[in-house]
Amino acid sequence: MSEYYQHVLVAVDLTRDSGLVLARAIRIARRNQNARVSIIHTLEPLGFAYGGDIPMDLTSIQDQLDGHARDRLAEVADEHGIPREDQHVVVGMPDAEIHRFAGERDVDLIVVGSHGRTGFALLLGSTSTGVLHGAKCDVLAVRVGADGEATE
Ligand code: AMP
């Protein structure tokens with residue numbers, strides 16, 4: 001295992017916190033001899049949400065959602081200089097898809113956001129908890145404050 005991270009995967013939910021989480025990941029990548037940075041957003045499959053309840057073909061709606069997600073991801077990622085080939089929108093459950101991507105692309109650090117929730121949710125959101133459990137590499141949860149500023 002290298003002393004430095006070589007491939008950092010940033011998982012984003014496309015909320016306005018995403019740019020903060022990405023910026024933090026990029027700073028870490030720079031400190032790791034300019035590690036590669038990939039960014040991923042997962043879309044829940046419509047068929048999964050609605051099962052067989054809706055008697056219609058959901059393909060074109062799924063394609064539209066996919067297109068919107070790609071546009072929004074590009075807005076966030078382009079601003080930080082992430083090349084298009086390192087921007088990924090995939091359909092599936094976030095933790096499973098993030099783990100799969102990380103395994104297939106030799107990712108050695110996954111970066112997620114975490115909210116300052118109180119109570120049972122504690123510091124981690126449900127997605128970040130899911131990503132942490134079962135990850136085969138390091139996972140960094142970037143605390144995103146209530147005011148939207150990533151905290152050190
Ligand atoms: P949550 O569990 O929804 O509070 O989200 C916490 C973190 O999980 C976010 O800041 C992202 O890093 C990640 N995340 C949530 N939803 C997604 C998604 N659909 N695709 C990729 N990452 C996500």
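Residues numbered from 1 in each chain as written. Predicted model: local features only at pLDDT ≥ 70, side-chain atom pairs only at ≥ 80, totals over all residues. Heavy atoms only, no water.

### Quick notes on the environment of Ile61
Item 1. Mapped onto the secondary structure, Ile61 falls in helix α3 (residues 59-79).
Item 2. Look at Ile61 and you get partly exposed, because its relative accessible area is 33%.
Item 3. Ile61 has contacts with Leu46 and Met56, leaving out every residue within four places of it along the chain. (Helix = DSSP H or I, 4+ residues; strand = E, 2+ residues; numbered from the N terminus. Buried < 20%, exposed > 50% of the residue type's maximum accessible area, 1.4 Å probe, protein only. Contact = heavy atoms within 4.5 Å.)

### Considering unusual backbone geometry
Item 1. Despite not being glycine, Leu14 has its phi angle at roughly 70 degrees, a positive value.
Item 2. Its location among the elements puts Leu14 in the loop between β1 (7-11) and α1 (18-31).
Item 3. Of note in this structure, Asn34 is not a glycine but carries a positive phi near 55 degrees.
Item 4. Assignment of secondary structure puts Asn34 in the loop between α1 and β2 (36-43).
Item 5. By relative accessible area, which is 60% here, Asn34 ends up exposed.

### Considerations on helix α4 (residues 94-104)
Item 1. Of all the residues in α4, the buried ones are Glu97, Ile98, Phe101 and Ala102. For α4, the angular spread of the buried residues around the axis is 135 degrees, confining them to a single face. Exposed residues pointing more than 90 degrees away from the buried face of α4 are listed as Gly103 and Glu104.
Item 2. Looking at the buried positions of α4, the neighbouring elements they touch are β1, β2, β3 (87-91), β4 (109-115) and α5 (126-132).
Item 3. At the exit of α4 stands Asp106, carrying a positive phi of roughly 55 degrees. (Arc of directions from axis to C-beta.)

### Concerning the site of the ligand
Item 1. Close to the ligand lie 14 residues; Ala11, Thr42, Gly113, Ser126 and Thr127 are nearest.
Item 2. Within the backbone of Val12, a nitrogen or oxygen atom sits 3.3 Å from a nitrogen atom of the ligand.
Item 3. Between the ligand and Ser126, the relevant distance is 3.0 Å, taken from an oxygen atom to a main-chain nitrogen or oxygen of the residue.
Item 4. In isolation the ligand exposes 480 Å². Once the protein is present, 88% of that is buried.
Item 5. For the shell around the ligand, the secondary structure elements donating two or more residues are β2, β4 and α5.
Item 6. Across the shell around the ligand, the residue classes break down as four nonpolar, eight polar and two charged. (Near = heavy atom within 4 Å. Polar contact = N/O pair within 3.5 Å; in protein donor to acceptor, adjacent residues only side chain to side chain. Areas by Shrake-Rupley, 256 points an atom, 1.4 Å probe, with all protein chains shown as cover. Nonpolar A, V, L, I, M, F, W, Y, C, P; charged D, E, K, R; others polar.)

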